[in-house]
Amino acid sequence: MAVTVKSEREIILMRESCRLLAVVHRELEEKLRPGMTTLDIDALGEKIIRQLGCVPNFKNYNGYPASICVSVNDEVVHGIPSKNRVLNEGDIVSLDAGLIYKGYHSDAARTHGIGEISPEAAKLIDVTRESFFAGIKMARAGNHLYDISNAIASYVRPYGYGIVRELMGHGIGTSLHEEPMIPNFAQRRRGMKLQPGMTLAIEPMLNMGTPDVEWLDDDWTVVTRDGAISAHYENTVLITDGEPEILTLY
Ligand code: MF3
Ligand code: CO
């Protein structure tokens, strides 16, 4: 799927899709409790998405069996919700959600602590979020795509966290995944020029340990190879003539 530049009409639809997704994330965050299962989160998320009149875009995407990706501790992304996986105090959980509104996709992820978490885990979550904001400072028309990647990587470097390389951000619009791919690690080339009207899902994934990941036998769940915890932060962003608009913030 090629890079697309959205028209004014499409931008209005993207904004609404993303605004509704922000509502989903806010409600999920508010309901998160120790003792919940990851399947409870999926069921709740799907219910909220449908009550808003939207469709969960992850469900059945390449065979993914749920609406919300719920990834706990050493799970990086694409955890499959299960009635047997209970959230406990001290866990960190990444919720990745998306929806379709009038044909337009939105995509956003947050990592939350369950109850009290270690200062080290809290720091990883903070730096992951901050690295996104470092990246989007460069998300301006006339800059190049990999300016974003390099800004994320430079921000993370002093902390020593592992930046996941196998998974990247992406363009988004009438498809969940459009070109271009957006790496979160340093690039030697500049990449394509950014234009107003591009909508991008920018999504750093940081590991407390090494960057290396593996796939579980379910063929979805991505885990850290060393078993250390991992955090994820993602928003859908609009490139404009000036400051980027972060469409999935509440
Ligand atoms: N948010 C994920 C991404 O950006 C999408 C999950 S793919 C799914 O790639 F199949 F798990 F839904
Ligand atoms: Co995404």
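Above this text sits the structure in question.
Note that the structure is predicted; figures quoted are calculated from it, not measured. (Residues numbered from 1 in each chain as written. Chains lettered and ligands numbered in written order. Predicted model: local features only at pLDDT ≥ 70, side-chain atom pairs only at ≥ 80, totals over all residues. Heavy atoms only, no water.)

Draft legend 1. Highlighting the layout of surface pockets. Considering only enclosed or pocket space, the largest pocket measures out at about 490 Å³ in volume. Broken down by secondary-structure element, the contributors of at least two residues to the lining of the largest pocket are strand 7 (169-171) and strand 8 (178-182). Each residue belonging to the lining of the largest pocket can be placed in one class, and the counts come to 12 nonpolar, 6 polar and 7 charged. Counted as a void, the second largest pocket has a volume near 240 Å³. For the lining of the second largest pocket, the element with the most residues is helix 3 (residues 119-136), which contributes 5 residues. Broken down by class, the residue content of the lining of the second largest pocket amounts to 6 nonpolar, 6 polar and 5 charged. (1 Å grid on protein atoms, 1.4 Å probe; cavity = no way out; pocket = protein on both sides within 12 Å on 5 of 7 lines; lining within 4 Å. Points joined across faces, edges and corners; volume = space filled by probe spheres on them. Helix = DSSP H or I, 4+ residues; strand = E, 2+ residues; numbered from the N terminus. Nonpolar A, V, L, I, M, F, W, Y, C, P; charged D, E, K, R; others polar.)

Draft legend 2. View of the side chain of N57. Along the chain, N57 turns up in the loop between strand 1 (55-56) and strand 2 (68-72). Within the structure, N57 has its side chain in polar contact with the side chain of H105 (distance 3.1 Å). Apart from residues lying up to four places away in sequence, N57 is in contact with G98, L99, I100, H105, S106 and L176. (Polar contact = N/O pair within 3.5 Å; in protein donor to acceptor, adjacent residues only side chain to side chain. Contact = heavy atoms within 4.5 Å.)

Draft legend 3. Fine view of the coordination of the cobalt ion (ligand 2). Protein coordination at the cobalt ion (ligand 2) comes from D107 (OD), H170 (NE2), E203 (OE) and E234 (OE), with a distance range of 2.1 to 2.3 Å. Sequence positions of the residues that donate to the cobalt ion (ligand 2) give the spacing D-x62-H-x32-E-x30-E. Taken as a pair, H170 in strand 7 and E203 in the loop between strand 9 (199-202) and strand 10 (205-207) lie far apart in primary sequence, 33 residues in all. Comparing H170 with E203, the two get one shared label, buried. (Donors = N, O, S within 2.8 Å, 3.2 Å for Na, K, Ca; no water. Buried < 20%, exposed > 50% of the residue type's maximum accessible area, 1.4 Å probe, protein only.)

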